[in-house]
Amino acid sequence: MSNYSFGETEDYSVNILGGPGDDVGVIAITNPTTDFGLGTEDIIVTIQNYGSNDAAEFSVYYQVDGGTVYGGEYTGATIPAYGTASFTIPGAYDFTGTACYDITAWTVYELDENIDNDANMVNICNLAVGSGAYYIYSNILGGLEPWGTTTNTIAMTSAYGDEGVAWFRDYFETVDVESVFSPDICFVFLEGSDFCADELEAFLSTNISLIEDWVSAGGHLLLNAAPNEGDGMSFGFDGTSLVYTYFTATADAADPAHPIFNGPFLPVGTSWTGTSFGHAIITGTGLTPLIVDDAAPDNMVLAEKAWGSGRVMFGGMTTNNFHSPITEAANLRANLLYYMNCAEVAVCEIPSGLFADGITDNDAVLHWNAVDGADQYRVTLQNTATGLIKTRGFYTNSVELVDKLTPLTTYAFRVKTVCYDDLGEISDPSTWYYFTTLGRIGANASGSVVLYPNPTAGNFNIQLTDLEGNDLQLEIYNNLGAQVYTRALHITDANTNVQVELQDVAAGMYQVRLVNGEMILNYPLMVNY
């Protein structure tokens, strides 16, 4: 047995093997999920018994966007040691309205030996689109879609909902043009790929004036063809043309900030390959490039154009079953269809300029740039050491945290803008901003330790203040508990800067430990590349 000032070796080993006797937490929030037309929904969670004892007498709570807390006593069956259980938290929540929501759920257990794993959070969205959508192609193949694939059907259902309810299918040869290109219809997808190209060209030749007038009045049109026949065609709209043949192997996002690359279906990526991704390119005036040929970025595979009160997308893309990565390609197709809906989805500006100052061992002031039209800001704060997340609403572009933080701990925060009055919408979250609280050492109230930069790409500094005369052992551990760095430090000056170079370590969370005979300090460090 070996004794240390901070414990005994066999105690540490027993804890790792046996774990706590009483410990429960929420490991997943399974309902609701991102979907169309959410209303009043039950909050259903999965509870994990981390302990070696059965668990039954505890409570489960949730809140949405840091608001009212709902919940109560767990009424399900006793959860055996290390087992799980699904539980519907008392009190459903009204998710009506197009928006995204942060749902946080947690357990409260009087016997709990580890509160750091009690909570879990998810972000879900209530999607809403305009009514009256059509997907139209040729029935020359007996109703089969281009290349006999159903990926366009899958994308339409993902973006709009069920066929026959939220969108409808028809064919160039049989569609009632006057009823489709009318004020009752908001979006039309005309697909002329594979051996439907000549049929699309004939359809446009006959109906282009009606189609242009419908878009000008506010309609939204996706006009796409990746031909295996013909010699290209006029797409109308003041000289827009489909140039065939032109094969694109690798396609790139021309502007990654465009909505079709940012949801609601993720991940999307910004580059895709295919055999081929496109069979044609788009030329014309007044076009905004959306997807371009990686080998020749001036050549547009997908472009957008405003036309009167409406908009139209032109594409030369094959169906997404030919594209890779498969998941990203399917999400991209669903996103561009969703983007073309006629619902006025307002976008609040994403907050920028995040920073923190006034940082002490327990305090900090969080700042971000004010957003015009903002009615509120929703701030999410995460303790990166424990993973615990809290979200609250604020009416100014700063928040002062007093006696809310833990010394020697790295926190991250991000902000959403709420624009209820003007837009009825919530922005996407900002990027995370990281900061670290100071640490007091022993009886020396002025002694402190600061790590920077944190996060780091591997090399960082440790600033030690008013700790002269201390002999410290610097140790760094990865998240599996393996030591990756050690070094003896003899502190002679009141202000000492120690430079640390971490070699060949993986990205992730690490613990920086300073040890002497009287104290042990743990300090979280995030390594990003």
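Residues numbered from 1 in each chain as written. Predicted model: local features only at pLDDT ≥ 70, side-chain atom pairs only at ≥ 80, totals over all residues. Heavy atoms only, no water.

1. Here we look at the overall build of the protein
Then, in step 1: For the protein, the count of helices and strands is 5 helices and 38 strands.
Then, in step 2: By residue count, 49% of the 529 residues in the protein fall in the buried class.
Then, in step 3: Considering only intrachain contacts with a sequence separation of at least 6, the fraction spanning at least 24 residues in the protein is 67%. (Helix = DSSP H or I, 4+ residues; strand = E, 2+ residues; numbered from the N terminus. Buried < 20%, exposed > 50% of the residue type's maximum accessible area, 1.4 Å probe, protein only. Contact = heavy atoms within 4.5 Å.)

2. Some remarks on the sheet that holds strand β32 (residues 448-452)
Then, in step 1: The 3 strands are arranged β32-β33-β36 in an open sheet whose pairing can be described as antiparallel. The outermost strands of the open sheet, each flanked by one partner alone, are β32 and β36 (495-501). This sheet shows a mean twist of 20° between the axes of neighbouring strands, independent of strand direction.
Then, in step 2: Of the strand pairs in this sheet, β32 and strand β33 (residues 459-465) are connected by 5 bridges, and their pairing is antiparallel. Paired with S448 across the two strands is T465, which belongs to β33. (Pairing = 2+ DSSP bridges. Axes fitted to C-alpha atoms, helices over the stretch in contact; angles between N-to-C directions.)

3. Thoughts on the pairing of β36
Then, in step 1: With burial as the criterion, only one face of β36 is covered, namely that bearing T496, V498 and V500; the residues N495, N497, Q499 and E501 on the opposite face remain uncovered.
Then, in step 2: Relative to β36, β33 is paired through 7 bridges, and the arrangement is antiparallel. Bridging across to β36, N461 finds its partner in Q499.

4. Examining the sheet that holds strand β28 (residues 398-401)
One key point about sheets: their strands pair by backbone hydrogen bonds, in either a parallel or an antiparallel sense.
Then, in step 1: The 3 strands are arranged β24-β25-β28 in an open sheet whose pairing can be described as antiparallel. Only two strands of the sheet have a single partner each, and these edge strands are β24 (355-357) and β28. Pairs of neighbouring strands in the sheet enclose a mean axial angle of 20°, with direction left out of account.
Then, in step 2: As defined by bridge partners, strand β25 (residues 364-367) adjoins β28 across 4 bridges and the pair is classed as antiparallel. Counterpart to A364 in the pairing with β28 is L401.

5. Side note on the packing of aromatic side chains
Then, in step 1: Scanning all chains against the criterion turns up 24 aromatic pairs.
Then, in step 2: Through successive ring pairs, a cluster of aromatic residues spans Y62, Y70, Y93, F95 and Y101.
Then, in step 3: The ring of Y339 is capped by R311, whose NZ or CZ atom sits 4.3 Å from the centre of that ring. (Phe/Tyr/Trp six-rings, centres within 6.5 Å; stacked < 30°, edge-to-face > 60°. Lys NZ or Arg CZ within 6 Å of the ring centre and 35° of its normal.)

6. Quick notes on the environment of D198
Then, in step 1: Along the chain, the position of D198 falls in helix α4 (residues 197-216).
Then, in step 2: Sequence spacing of D198 and A225 is 27 residues, and the spatial spacing of their C-alpha atoms is 10.0 Å.
Then, in step 3: Look past the residues within four positions of D198 in its chain and what remains in contact with it is E229 and G230.

7. Re the confidence of the model for the protein
Then, in step 1: Confidence along the protein averages 84 in pLDDT terms, with 89% of residues attaining 70 or more.
Then, in step 2: For residues 1-18, every residue scores under 50 in pLDDT, and the model assigns this stretch 13 contacts once sequence neighbours within four places are set aside. (pLDDT = per-residue confidence, 0-100.)

8. As for the packing of helix α2 (residues 151-160) against helix α5 (residues 326-339)
Then, in step 1: Their axes nearest at 8 Å, the elements α2 and α5 cross at an angle of 50°. Classified by the angle between their axes, α2 and α5 sit oblique to one another. For the element pair α2 and α5, the recorded crossing hand is right-handed. Contacts from N152, A155, M156, S158, A159 and Y160 in α2 reach R333, A334, L337 and Y338 in α5. (Parallel < 35°, antiparallel > 145°, perpendicular 65-115°, else oblique. Left-handed = near helix turned anticlockwise from the far one by under 90°.)

9. Concerning α2
Then, in step 1: Buried residues dominate α2, accounting for 7 of its 10 residues.
Then, in step 2: Among the residues of α2, those classed as buried are T151, N152, T153, A155, M156, A159 and Y160.
Then, in step 3: Where α2 terminates, the next one or two residues include G161, which has phi positive at roughly 115°.

10. Quick look at the environment of A296
Then, in step 1: The topology assignment puts A296 in strand β21 (residues 296-307).
Then, in step 2: For the pair A296 and T248, spaced 48 residues apart in sequence, the C-alpha separation works out to 9.2 Å.

11. Considerations on the side chain of H258
Then, in step 1: Looking at where H258 falls in the secondary structure, it is placed in the loop between β17 (248-253) and β18 (271-278).
Then, in step 2: Aside from chain neighbours lying at most four places away, what touches H258 is L290, E304 and Y339.

12. Some thoughts on the side chain of T151
Then, in step 1: Its location among the elements puts T151 in helix α2.
Then, in step 2: If near-sequence neighbours (up to four positions away) are discounted, T151 is found in contact with T319, N320 and N321.

13. Observations regarding the pattern of salt bridges
Then, in step 1: By the definition in use, this model includes 5 salt bridges.
Then, in step 2: Ionic pairing is found between K416 and D102, a salt bridge with its closest N-O pair at 3.5 Å. In this pair, K416 is assigned in strand β29 (residues 410-419) and D102 in strand β9 (residues 99-108), connecting sequence segments 314 residues apart.
Then, in step 3: A relative accessible area of 2% places D102 in the buried class.
Then, in step 4: For the salt bridge of E145 with R169, the shortest nitrogen-to-oxygen distance reads 3.5 Å. Taken as a pair, E145 in the loop between β11 (133-137) and α2 and R169 in strand β12 (residues 168-171) lie far apart in primary sequence, 24 residues in all.
Then, in step 5: E145 gets classed as buried once you look at its relative accessible area, which sits at 7%.
Then, in step 6: Bridged by salt links that share partners, the residues E145, E163 and R169 form one connected network. (Salt bridge = Lys/Arg side-chain N within 4 Å of Asp/Glu carboxyl O.)

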